[in-house]
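Architecture and fold: a report
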Amino acid sequence: MGGGMASSWAALGPHPGYFTDDLAAADPEVHEAMLGELRRQQDQIELIASENVVSLASLGALGSVMTNKTVEGYPGRRYYGGAEFADRVESLAIERAKRLFGCAFANVQPHSGSQANQAVYLALLKPGDTILAMALSAGGHLSHGAAPNISGKWLRAVHYGVRPDDGLIDLDEVERLARQHKPRLIIAGGSAYPRVIDFARFGAIAKAVGATLLVDMAHFAGLVAGGVHPDPLPHADVVTATTYKNLRGGRGGLILTNDGELARRIDQAIFPGVQGSVLLNAVAAKAVCLGEALKPQFKAYAQAVLDNARALAGALMERDVDIVSGGTDTPLMLADLRARGLTGDAASRCLEAAGLTCNKNAVPFDDQPPSVTSGVRFGVAATTTRGFGTTEFAAIGAMIADVLDAMNDGPISGHTAEVREKVRALCRDFPIYPDLE
Ligand code: DSN
């Protein structure tokens, strides 16, 4: 363009409101849905184990100008210019992850726990290689070789389960399967296993058969960070985690290791292997939540999560709700509803109607399909964040049992409506995001 003539686009002037209107003004339809979600979160007791309530600081990072920036590669080794602050924020996240978990290397780019696991597979395995992991039906995870997942399609997955009598991992079975199938990778960890895993024994089994050990600590990373759960890093070659469960951050994954050569391969597997450009706003939020987890208060939070999980499991068992393995060592627990003749699908719907949000979940040896299930999974991390303690969780256990007891009266009985009012009252006592209204 020359001669001082503005292009027709420039002559139009700034897009009205583009840099000044907030969401409410710019897009009332999306804003209304978001407001509805805010009110739902304020008004329901959140018991989904893979959720939490992030700090306003994390929300600020997630909704920041970092979302505008494209970078590929790693700090100091980018394929795009203008990366000074991207490098700074990713380096902060890496340094904080290493400090928090006491490890030598951290990759903070995985968009999710599944992609963290995929990167470990790409770094270590070839298509058709054998892995040994906990079955999804026993409390494992889709990305650990389940048939419909890419991990189950591209790898030969052998699965171990839990014992029928106590719901615990049978380590002798793990060892037998490892010796029989000689997997290249063994995975410990899952999404519905509530107990401490014997990482030392897993490490010994992996060593004995020449396998690499991956611990997926997505569901207890916050407890490890807070020092109230055994640390898998001394026993595992590589550890994956998510940031959005009990680590109390925005969505995303982490990969941790003390092995330099493995770290190099994992970095390459994340980029350019399974991901492209970095979600820098998510990485900034990871830096924020890892910074929060390094503060002394986080230890108190982790202890409260564990205490609350045990209080909830205890209250449920007192009311004759079967809890798989008879309790929990983690933020989650699994209720087996078979003795009550209820399905997980029906129970989770009734509980949601009462303001108690949870998810249907298969229990070990379940004969219902995954869309129905015989169980519900409860997690305490989100509601602990809003300040609930053991007294409130004992009350929540009683409310859950009241709803389950009342289910024979119909899907939304009068009793369920009574529970809904109690839930509202409790939520009012422990407000979240008062300034976001
Ligand atoms: N892995 C899923 C869960 O446990 O709910 C999502 O994080």
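Residues numbered from 1 in each chain as written. Predicted model: local features only at pLDDT ≥ 70, side-chain atom pairs only at ≥ 80, totals over all residues. Heavy atoms only, no water.

Moving on, we get to the pattern of salt bridges. Following the criterion strictly, the structure yields 24 salt bridges and no others. Note that Glu95 is salt-bridged to Lys98, the shortest N-O span being 3.2 Å. In this pair, Glu95 and Lys98 are both assigned in helix H5 (residues 84-101), 3 residues apart and thus about one turn of the helix distant. In this structure, Arg310 and Asp329 form a salt bridge, with 2.9 Å as the shortest nitrogen-oxygen distance. (Salt bridge = Lys/Arg side-chain N within 4 Å of Asp/Glu carboxyl O. Helix = DSSP H or I, 4+ residues; strand = E, 2+ residues; numbered from the N terminus.)

The antiparallel open sheet is built from 4 strands, whose spatial order is S11-S12-S15-S14. Looking at which strands have only one partner, the edges of the open sheet turn out to be strand S11 (322-323) and strand S14 (359-361). Taken strand by strand, helix H14 (residues 344-353) contacts S14 and strand S15 (375-379), and its axis lies near 45° from that of S15. (Pairing = 2+ DSSP bridges. Contact = heavy atoms within 4.5 Å. Axes fitted to C-alpha atoms, helices over the stretch in contact; angles between N-to-C directions.)

The subject of this paragraph is the packing of aromatic side chains. Applying the stated criterion across every chain yields a total of 7 aromatic pairs. Taken together, a centroid distance of 5.0 Å and an interplanar angle of 85° make the contact between Tyr18 and Phe19 edge-to-face. We note that Tyr18, like Phe19, is exposed. Relative to Phe430, the ring of Phe388 has its centre 4.6 Å away and its plane inclined at 45°; by these criteria the two rings are tilted. Here Phe388 is found in the loop between helix H15 (381-385) and helix H16 (390-406), whereas its partner Phe430 is found in the segment after helix H17 (414-429), with 42 residues between them in sequence. (Phe/Tyr/Trp six-rings, centres within 6.5 Å; stacked < 30°, edge-to-face > 60°. Buried < 20%, exposed > 50% of the residue type's maximum accessible area, 1.4 Å probe, protein only.)

In spatial order, the strands read S4-S10-S9-S8-S7-S5-S6; together these 7 strands make up an open sheet with mixed pairing. Each edge of the sheet is formed by a strand with only one pairing partner; in this case those strands are strand S4 (105-107) and strand S6 (156-160). Neighbour-to-neighbour, the strand axes of this sheet turn through a mean angle of 20°, independent of strand direction. In the sheet, strand S9 (residues 238-242) pairs with strand S10 (residues 253-257) via 5 bridges, with the strands oriented antiparallel. Pairing of Thr240 across the sheet is with Ile255, part of S10. Helix-sheet contacts for H5 involve S4 and S10, and the interaxial angle to S4 is about 130°.

For the rest of this paragraph, the subject is the site of the ligand. The local shell around the ligand consists of Ser50, His141, Ser191, His219, Tyr244, Lys245 and Arg377. Between the ligand and the protein, one listed contact pairs a nitrogen atom with a side-chain N or O atom of His141 at 3.0 Å. Protein chains bury 72% of the 230 Å² of accessible surface belonging to the ligand in isolation. Most atoms of the ligand, that is more than half of them, are within 2 Å of grid points of the second largest pocket. Of the residues in the shell around the ligand, the class split is 1 nonpolar, 4 polar and 2 charged. (Near = heavy atom within 4 Å. Polar contact = N/O pair within 3.5 Å; in protein donor to acceptor, adjacent residues only side chain to side chain. Areas by Shrake-Rupley, 256 points an atom, 1.4 Å probe, with all protein chains shown as cover. 1 Å grid on protein atoms, 1.4 Å probe; cavity = no way out; pocket = protein on both sides within 12 Å on 5 of 7 lines; lining within 4 Å. Sits in = over half its atoms within 2 Å of the grid points. Nonpolar A, V, L, I, M, F, W, Y, C, P; charged D, E, K, R; others polar.)

The next thing to look at is the layout of surface pockets. In this model, the largest pocket occupies a volume close to 1,000 Å³. Around the largest pocket, the lining is made up of 35 residues, and of these Met34, Gln41, Leu59, Tyr433 and Leu436 lie nearest the centre. Looking at the lining of the largest pocket, the elements that each hand over two or more residues are helix H2 (23-26), helix H3 (28-43), helix H4 (56-62) and H15. At 6 residues, the largest contribution of residues to the lining of the largest pocket is made by H3. In terms of residue class, the lining of the largest pocket is made up of 16 nonpolar, 12 polar and 7 charged. Along the walls of the second largest pocket sit 28 residues, with Leu136, Gly140, His141, Leu142 and Ser191 positioned nearest its centre. Contributions of two or more residues to the lining of the second largest pocket are made by helix H6 (113-124) and S14. Of the residues that constitute the lining of the second largest pocket, the class distribution is 7 nonpolar, 16 polar and 5 charged. (Points joined across faces, edges and corners; volume = space filled by probe spheres on them.)

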